[in-house]
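So the chains spell out like this:
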Amino acid sequence: MIVSFIWLFRRLEKITQSKTVIERDLKIASAIQMGMIPKLYPAFPSRKEIDVCGFIKPAKDVGGDLYDYFIRDEKFFFCIGDVSGKGVPASLFMAVIRSLFRNVSLHANDPAEIADALNTGLSEGNDMNMFCTMFIGVLDLRTGHLDYCNAGHNAPIIRRVKDDGTIDVHYLQPKTNLAIGVFEGFPFEPEETVLKPGEAIFLYTDGVTEAESVTKELFGEERTIQALADARKHDARTSQDFVNAVYHIIAEYAHVAEQSDDITMCVVEYRGY
């Protein structure tokens, strides 16, 4: 009896030690993953043309959402993505996509071309059949001209300034295309629009619209639009203000309900050259 107790105690001790190691490794993995995401605000303090802020809150220690942005040759490159699945596999796939996006965008200016290169790289040897929905944009900081390609991602929300000075907030209606990594050789279609000074685009993953209340009701697209409108009413002026205000509204809606998916947002405002 004593021998059995000692064996069980040692077994429990080993399990506890293993769990501690796993938790430590997950924390390290989370720190590495978050270290790949732009977090400083203002992101480009020396550039008056652009005001951008991103936000990510994984549902677990590590997640599969991503956003990224940088400036090259007076063009602002940005993306947001949502990897299929969760946990460590999704986080590894996310890290690969973010690295590929940076590498490809250093040489390509066309979002559809960038999507095609990412798709080719990720489709090859994709034995786990993972994929990533993405929205990729390239904004000319001199003109406000925005080229973009939507790869199966949620339609972003655009904030327009009407001729009479009033604000109109509505969903952009991009072509869907396939997600990245689904089918090699898919012909991604580019699209374009123009942002006037003071206009902005709000990118997000489905962790926003699919946030649940305690009664399992989804936050939804209409509440997301309303959250942006309410953020402005509460004197949100900068992209960081908008991101923080929208997340606060989502958190209040969810209340004590457990977060079931990663929540990621990115606001890009063009302020003129």
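What you see is a predicted model, and the numbers here were worked out from it, not measured in a lab.

Reading the values: rules and limits
- Residues numbered from 1 in each chain as written.
- Predicted model: local features only at pLDDT ≥ 70, side-chain atom pairs only at ≥ 80, totals over all residues.
- Heavy atoms only, no water.
- Pairing = 2+ DSSP bridges.
- Helix = DSSP H or I, 4+ residues; strand = E, 2+ residues; numbered from the N terminus.
- Axes fitted to C-alpha atoms, helices over the stretch in contact; angles between N-to-C directions.
- Phe/Tyr/Trp six-rings, centres within 6.5 Å; stacked < 30°, edge-to-face > 60°.
- Buried < 20%, exposed > 50% of the residue type's maximum accessible area, 1.4 Å probe, protein only.
- Contact = heavy atoms within 4.5 Å.
- Parallel < 35°, antiparallel > 145°, perpendicular 65-115°, else oblique.
- Left-handed = near helix turned anticlockwise from the far one by under 90°.
- Nonpolar A, V, L, I, M, F, W, Y, C, P; charged D, E, K, R; others polar.
- Expected span 1.5 Å × (residues − 1).

> Hey, could you run me through the sheet that holds strand 9 (residues 199-204) in this one?
Neighbouring strands of a sheet are bound in pairs by backbone hydrogen bonds; such pairs are parallel or else antiparallel. The 5 strands lie next to each other as 1-10-9-6-7, forming an open sheet whose pairing is antiparallel. Two strands close off the open sheet at either side, each with one partner strand: strand 1 (50-57) and strand 7 (167-171). Direction aside, the axes of adjacent strands within the sheet are offset by 10 degrees on average. Looking at chain direction, strand 9 and strand 10 (residues 263-270) are connected through 6 bridges and run antiparallel. Residue pairing for strand 10: phenylalanine 202 is matched across the bridge by valine 267.

> Explanation requested: the packing of aromatic side chains in the structure shown.
Each aromatic ring pair is specified by the distance between its two centres and by the angle formed by the two planes. In this structure the tally under the stated criterion is 12 aromatic pairs. Each ring, one from phenylalanine 44 and one from phenylalanine 76, has its centre 6.0 Å from the other, and the planes form 90 degrees; the classification is edge-to-face. Of this pair, phenylalanine 44 sits in the loop between helix 1 (2-35) and strand 1 while phenylalanine 76 sits in strand 3 (residues 75-83), and the two are 32 residues apart along the sequence. Taking 5.3 Å as the distance between ring centres and 70 degrees as the angle between the ring planes, the aromatic pair formed by phenylalanine 219 and tyrosine 253 counts as edge-to-face. Of this pair, phenylalanine 219 sits in the loop between helix 4 (206-209) and helix 5 (220-233) while tyrosine 253 is found in helix 6 (residues 239-254), placing the two residues 34 residues apart along the sequence. Across the pair, tyrosine 253 and phenylalanine 219 agree in class, each one buried. A connected cluster of aromatic rings, assembled from ring pairs, spans Phe44, Tyr67, Tyr69, Phe76 and Phe78.

> I tried to follow the side chain of aspartate 206 on my own but got confused; where do I start?
The residue aspartate 206 is located in helix 4 in this model. Dropping the residues within four chain positions of it, aspartate 206 is found in contact with Asp82, Asn154, Ala211 and Asp261.

> Can you walk me through the packing of helix 2 (residues 87-105) against helix 3 (residues 111-123) in this structure?
The N-to-C vectors of helix 2 and helix 3 enclose an angle of 135 degrees; their axes lie 10 Å apart at closest approach. Considering their axes alone, helix 2 and helix 3 lie oblique with respect to each other. Judged by the sense of rotation from one axis to the other, the crossing of helix 2 with helix 3 is right-handed. On helix 3, the residues touching Phe93, Val96, Ile97, Leu100, Phe101, Val104 and Ser105 of helix 2 are Ile114, Ala117, Leu118 and Leu122. Classifying every residue of the contact of helix 2 with helix 3 by side-chain character gives 10 nonpolar, 1 polar and no charged.

> Can you help me understand helix 5 in this one?
End to end, helix 5 covers 20 Å across 14 residues, agreeing with the expected 20 Å (1.5 Å per residue, within 8%). Taken together, the buried residues of helix 5 touch strand 6 (157-161), strand 7, strand 9, helix 4 and helix 6. Positive phi appears at aspartate 235, one or two residues downstream of helix 5, with a value of about 70 degrees.

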